[in-house]
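Structural overview
So the chains spell out like this:
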Amino acid sequence: MFRCAACGAFNRVREPRPSGAPECGRCHKALDLSGAPQEVDGEGLDRAVLGSPVPILLDLWAPWCAPCRVAGPILDEVGRAKAGQLLVLKLNTEQHPRPASALGVQGIPTFIVFSGGREVARRSGVLPRPEMERWVSSATAGPSGTGATA
């Protein structure tokens, strides 16, 4: 399942993937199947959390934050490795302070995993890729597949 970066719609892409460039079923813009993190604002985050059929890993960050910049490539690798199975979103807390405040974020980088429309895990601070992958996997593999708080 892939989220259109242009309109936020979720799109199912069959396996094996069809040849050519896939496009969003709603807005018909090119659909990115790479799994790369997508920037989101508060409204887009709310829609994604409530509508995503796959777990979401949210990165709350700011451009001036050195640890946030270190985490960026790690999240990119995790997102690309789990393309279609995990949606990685990035919320710039400097540009969008309200959603970060509503989530109770007190420090960055903070990572939140959402599954089934609710928060299932939260961590602050940079994690090496293997640890990030283990944390996300354990958060999304809780009872009934809904995740467990870590």
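No experiment lies behind these values; they were computed from the predicted model shown.

Once that is clear, we can look at the overall build of the protein. Broken down by element type, the protein carries 4 helices and 7 strands. For the protein, the succession of helices and strands along the chain, N to C, is β-β-β-α-β-α-β-α-β-β-α. Its C-alpha radius of gyration of 15 Å places the protein within 12% of the 15 Å reference for a compact globule of 150 residues. By its C-alpha atoms, the protein is 45 × 35 × 25 Å across when sized along the principal axes. Relative to its 150 residues, the protein shows a buried fraction of 45%. Taking as baseline every contact in the protein between residues at least 6 positions apart, the subset at least 24 positions apart corresponds to 63%. Accessible surface computed for the protein: about 7,700 Å², of which carbon and sulfur atoms make up 52%. Taking the average location of the 17 positive side-chain charges in the protein and that of its 14 negative ones, the two points are 4 Å from each other.

The next point concerns unusual backbone geometry. Cis geometry marks the peptide bond from Ile108 to Pro109; its omega dihedral reads 0°. For His28, which is not glycine, the phi torsion reads 65° and is therefore positive. Inspection of the secondary structure puts His28 in the loop between β2 (10-11) and β3 (38-39).

Before going further, it helps to spend a moment on the side chain of Thr110. Along the chain, Thr110 turns up in strand β6 (residues 110-115). Among the residues examined, Thr110 registers a relative accessible area of 2% and is labelled buried. Here the side chain of Thr110 touches Gly107 through a polar contact of 2.4 Å, landing on its backbone oxygen. Residue contacts for Thr110: discarding those within four places in its chain leaves Leu58, Asp59, Leu60, Val105, Arg122, Arg123 and Ser124.

So, on to the pattern of salt bridges. Here the structure, examined in full by the defined rule, presents 7 salt bridges. Where Arg129 meets Glu77, a salt bridge forms, and the shortest distance between an N and an O atom there is 3.6 Å. Within this pair, whereas Arg129 is found in helix α4 (residues 129-140), its partner Glu77 is found in helix α2 (residues 66-81), the two being separated by 52 residues in sequence. The exposure class assigned to Arg129 is partly exposed, which follows from its relative accessible area of 29%. Residues Glu133 and Arg129 are paired through a salt bridge, measuring 2.8 Å at the closest nitrogen-oxygen approach. In this pair, Glu133 and Arg129 both sit in helix α4, 4 residues apart, roughly one turn of the helix. By sharing partners, the salt bridges in this structure join Glu77, Arg129 and Glu133 into a single network.

Right, let's get into empty space enclosed by the protein. As enumerated under the stated definition, the model contains 1 cavity of 30 Å³ or more in all. Looking at the largest cavity, its volume works out to about 100 Å³. Surrounding the largest cavity, 13 residues form its lining, Phe2, Arg3, Gly35, Leu86 and Leu87 being those nearest its centre. Every element with two or more residues in the lining of the largest cavity is listed here: β1 (2-3) and β5 (87-92).

We now examine α2. Count 3.6 residues to each turn of an α-helix, and residues three or four apart come out pointing the same way. For α2, which comprises 16 residues, the first-to-last C-alpha distance of 24 Å matches the rise-based estimate of 22 Å (1.5 Å per residue) to within 8%. Its axis deflected by about 30° at Gly72, α2 carries its strongest bend there, up to four residues before the proline Pro73. Every buried residue of α2 is listed here: Cys68, Ala71, Ile74, Leu75, Val78 and Gly79. Where α2 is buried, its residues meet β4 (56-61), β5, β6 and α4.

Looking now at helix α1 (residues 42-51). All of the buried residues along α1 are Gly42, Gly44, Leu45, Ala48 and Val49. End-on, the buried residues of α1 take up no more than an arc of 160°, which puts them together on one face. Away from its buried face, by an angle of more than 90 degrees, α1 presents the exposed residues Glu43 and Leu50. The distance from a side-chain oxygen at the start of α1 to the backbone nitrogen of Glu43 is 3.3 Å, and the residue carrying that oxygen is Asp41.

Procedures and definitions
- Residues numbered from 1 in each chain as written.
- Predicted model: local features only at pLDDT ≥ 70, side-chain atom pairs only at ≥ 80, totals over all residues.
- Heavy atoms only, no water.
- Helix = DSSP H or I, 4+ residues; strand = E, 2+ residues; numbered from the N terminus.
- Rg over C-alpha atoms; globule rule 2.2 N^0.38 Å.
- Buried < 20%, exposed > 50% of the residue type's maximum accessible area, 1.4 Å probe, protein only.
- Contact = heavy atoms within 4.5 Å.
- Areas by Shrake-Rupley, 256 points an atom, 1.4 Å probe, with all protein chains shown as cover.
- Lys, Arg positive; Asp, Glu negative; His and termini not counted.
- Charge placed at Lys NZ, Arg CZ, Asp CG, Glu CD.
- Polar contact = N/O pair within 3.5 Å; in protein donor to acceptor, adjacent residues only side chain to side chain.
- Salt bridge = Lys/Arg side-chain N within 4 Å of Asp/Glu carboxyl O.
- 1 Å grid on protein atoms, 1.4 Å probe; cavity = no way out; pocket = protein on both sides within 12 Å on 5 of 7 lines; lining within 4 Å.
- Points joined across faces, edges and corners; volume = space filled by probe spheres on them.
- Expected span 1.5 Å × (residues − 1).
- Bend = angle between axes of the 7 residues up to and from the residue.
- Arc of directions from axis to C-beta.

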